[in-house]
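Chain residues, written in single-letter form:
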Amino acid sequence: MATKLEYIWLDGYKPTQSLRSKTKIVKNFSGKLEECPLWSFDGSSTEQAPGGSSDCVLKPVFICPDPQRKDAYLVMCEVLTADGTAHESNGRALIDDDDNDFWFGFEQEYFLWDPETNKPLGFPAGGYPAPQGPYYCSVGANNAYGREIVEEHLDACLEAGLNVEGINAEVAAGQWEFQIFAKGAKEAGDQIWIGRYLLERIGEKYGVAINWHCKPLGALDWNGSGMHANFSNSVLRTAGNKETYDKICEAFRPVVKEHIEVYGADNHLRLTGKHETASIHDFSYGVSDRGASIRIPLATVEKGWNGYLEDRRPNSAADPYKVAARIIKTVKSVAV
Ligand code: ADP
Ligand code: MN
Ligand code: MN
Ligand code: MN
């Protein structure tokens with residue numbers, strides 16, 4: 001029997017990488033990752049290689065059923081150069097978490113976008129809908145736009161076996177969120193990218209684009225889109241004291257620049273200190289503080305300082321691999 005494998009990878013565009021994919025037909029496929037062969041593509045068409053030696057290598061790293069195609073799987077891949085080393089666009093290779101001690105829950109926000117009006121769904125062609133307020137977690141045709149896409153996406157993610165934890169309508173009209181959690185930083189990144197892929201592909205069917213930009217409506221009074229990174233390792237999960245949390249949070253202070261570098265393009269437009277964000281120039285942390293760079297969830301304190309942290313600065317267009325890699329580096333720099 002013939003099986004369709006959709007090999008998915010990230011291109012080399014800067015500052016924001018996009019999804020690329022192509023289909024490989026294989027025979028008598030077992031469904032196992034180990035059986036997915038290496039494959040190659042033309043890196044000169046994706047800003048990943050010069051025309052003269054254009055081959056880049058696709059290394060399968062995560063597989064799940066493709067809920068939208070018959071006899072098919074989605075195969076997330078890392079990009080390698082022709083000599084087999086990680087390509088510089090390969091953020092996944094930077095993740096130092098081989099024992100999967102790091103758990104990540106990403107809250108992926110995005111806008112459903114009408115390519116004809118070049119505005120979010122729910123925005124009239126010639127102006128603006130009512131100001132923010134009624135849209136967050138809303139129901140009803142006056143306030144919630146594009147639900148059928150969102151629902152189809154949720155079902156597709158669940159059918160693919162992704163660990164989606166929830167969805168909600170967000171603060172701006174046409175803005176939504178899904179959350180994905182995984183034990184293991186690499187897998188969390190894989191699942192977010194597959195989740196994004198499925199959303200893009202469902203959007204095609206409806207003629208609706210997905211806008212991942214962190215501030216697609218510019219400086220107007222509309223929320224931007226984030227990708228809050230909730231994270232823990234065994235230290236944070238079992239600390240049992242405030243001092244450990246303070247120490248780990250303080251380790252983020254001297255490396256604000258290094259973090260912001262991988263937290264998504266144009267984040268200065270979003271991290272203004274307004275709209276539930278901290279200023280891009282400051283660093284702060286606090287219990288239950290949604291205006292802080294890092295929030296210590298109340299539940300973590302209530303469990304006796306056992307739990308996780310939420311870095312609220314990564315934006316919707318950030319690469320979850322690079323975000324996780326940087327967070328892990330900073331957390332591991334702390335001696336506990
Ligand atoms: P909020 O919108 O209030 O910030 P959400 O419920 O949207 O919160 O997201 C919280 C996220 O935290 C979820 O994705 C969840 O998986 C994640 N999370 C919960 N516990 C942990 C943990 N121990 N380590 C890492 N992430 C966690
Ligand atoms: Mn959320
Ligand atoms: Mn949100
Ligand atoms: Mn959050």
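Bear in mind the structure is a predicted one, so any value in this text is a computation, not a measurement.

Asker: Would you explain the coordination of the manganese ion (ligand 2) in this entry?
Answerer: Around a metal, the idealised angle for a tetrahedral arrangement of four donor atoms is 109.5 degrees; for an octahedral arrangement of six donor atoms it is 90 or 180 degrees. Those donors, Glu107 (OE) and Glu177 (OE), are the protein atoms that reach the manganese ion (ligand 2), and they lie 2.2 to 2.4 Å from it. The distance between the manganese ion (ligand 2) and the manganese ion (ligand 3) comes to 3.8 Å, with glutamate 177 serving as a donor to both metals. Pair noted here: glutamate 107 is in strand E6 (residues 103-114) and glutamate 177 is in strand E9 (residues 175-183), with a separation of 70 residues, a long-range link. There is no split in this pair, since glutamate 107 and glutamate 177 are both buried.

Asker: Would you take a moment to explain helix H4 (residues 242-251) for this structure?
Answerer: Given 3.6 residues per helical turn, the α-helix brings residues three or four places apart onto the same face. Buried residues of H4: Thr244, Tyr245, Asp246, Ile248, Cys249 and Ala251, and no others. Those residues of H4 hidden inside the fold are in contact with helix H3 (234-238), strand E12 (285-287), strand E13 (294-296), helix H7 (298-302), strand E14 (309-311) and helix H8 (320-332). Where H4 begins, the capping side chain belongs to asparagine 241, and its oxygen is found 3.2 Å from the backbone nitrogen of glutamate 243.

Asker: Would you explain the coordination of the manganese ion (ligand 4) in this entry?
Answerer: Distances from the manganese ion (ligand 4) to its protein donors, namely Glu107 (OE), Glu107 (OE), His228 (ND1) and Glu310 (OE), fall within the range 2.0 to 2.5 Å. Of note, the donors binding the manganese ion (ligand 4) are all from one chain and are spaced E-x120-H-x81-E. Between the two metals, the manganese ion (ligand 4) and the manganese ion (ligand 2), the spacing is 4.1 Å, and glutamate 107 donates to both. Taken together, the positions of glutamate 107 in strand E6 and histidine 228 in strand E11 (residues 227-232) put the pair 121 residues apart, joining distant regions of the chain. On the basis of relative accessible area, histidine 228 is assigned to the buried category, the value being 11%.

Asker: For this particular structure, what's the right way to read the packing of helix H2 (residues 185-206) against H8?
Answerer: When two helices pack together, their arrangement is given by the angle between the helix axes and the distance between those axes. As a packed pair, H2 and H8 sit with axes 8 Å apart at the nearest point and diverge in direction by 160°. Relative to H8, the element H2 is oriented roughly antiparallel. Handedness of the crossing formed by H2 with H8: right-handed. Touching Ala185, Lys186, Gly189, Asp190, Ile192, Trp193 and Arg196 of H2 are Pro320, Tyr321, Ala324 and Ile328, all from H8. Considered class by class, the residues forming the contact of H2 with H8 number seven nonpolar, one polar and three charged.

Asker: It is not clear to me how the domain arrangement of the protein should be interpreted in this structure. Could you clarify?
Answerer: Taken domain by domain, the protein comprises domain 1 (2-90) and domain 2 (103-332). The C-alpha-based centres of domain 1 and domain 2 are spaced at 26 Å. Between domain 1 and domain 2, the residue contacts involve 18 residues of the former and 20 residues of the latter. In this assembly, domain 1 packs against domain 2 so that about 1,700 Å² is buried in total across both faces, 67% of it on carbon and sulfur atoms. Broken down residue by residue, the surface that domain 1 buries against domain 2 is led by Leu19, Phe62 and Gln68, which jointly contribute 33%. Between the two partners, domain 1 and domain 2, sit one salt bridge. Aspartate 66 is the salt-bridge partner of arginine 201, the closest N and O atoms lying 2.7 Å from each other. Summed over the shared surface of domain 1 and domain 2, the result is five residue pairs in polar contact (both at pLDDT 80 or more). Every element with two or more residues in the side of domain 1 that touches domain 2 is listed here: strand E1 (2-10), strand E2 (19-27), strand E4 (55-65) and strand E5 (72-80).

Asker: For this particular structure, what's the right way to read the side chain of serine 138?
Answerer: For serine 138, the location among the structural elements is in the loop between strand E7 (119-120) and helix H1 (147-160). Polar side-chain contacts of serine 138 include one of 3.4 Å to the backbone oxygen of asparagine 143. Among residues more than four places away in sequence, those in contact with serine 138 are Asn143, Ala144, Arg147 and Ala169.

Asker: Help me out: how do you make sense of the packing of aromatic side chains in this one?
Answerer: Here the distance between the centres and the angle between the planes together describe a pair of aromatic rings. Counted by the stated rule, this structure contains 17 aromatic pairs. When the centroid spacing of 6.2 Å and the interplanar angle of 50° are considered together, the rings of phenylalanine 283 and tyrosine 285 count as tilted. Owing to a relative accessible area of 10%, phenylalanine 283 belongs among the buried residues under this scheme. An aromatic cluster of at least three residues, connected via ring pairs, comprises Phe102, Phe104, Phe106, Phe231 and Phe252. Arginine 196 extends its terminal NZ or CZ atom over the ring of tryptophan 193, reaching a point 4.4 Å from the ring centre.

The rules behind the values
- Residues numbered from 1 in each chain as written.
- Chains lettered and ligands numbered in written order.
- Predicted model: local features only at pLDDT ≥ 70, side-chain atom pairs only at ≥ 80, totals over all residues.
- Heavy atoms only, no water.
- Donors = N, O, S within 2.8 Å, 3.2 Å for Na, K, Ca; no water.
- Helix = DSSP H or I, 4+ residues; strand = E, 2+ residues; numbered from the N terminus.
- Buried < 20%, exposed > 50% of the residue type's maximum accessible area, 1.4 Å probe, protein only.
- Contact = heavy atoms within 4.5 Å.
- Polar contact = N/O pair within 3.5 Å; in protein donor to acceptor, adjacent residues only side chain to side chain.
- Axes fitted to C-alpha atoms, helices over the stretch in contact; angles between N-to-C directions.
- Parallel < 35°, antiparallel > 145°, perpendicular 65-115°, else oblique.
- Left-handed = near helix turned anticlockwise from the far one by under 90°.
- Nonpolar A, V, L, I, M, F, W, Y, C, P; charged D, E, K, R; others polar.
- Domains from an automatic or database assignment.
- Buried area = accessible area lost by both parts, 1.4 Å probe.
- Salt bridge = Lys/Arg side-chain N within 4 Å of Asp/Glu carboxyl O.
- Phe/Tyr/Trp six-rings, centres within 6.5 Å; stacked < 30°, edge-to-face > 60°.
- Lys NZ or Arg CZ within 6 Å of the ring centre and 35° of its normal.

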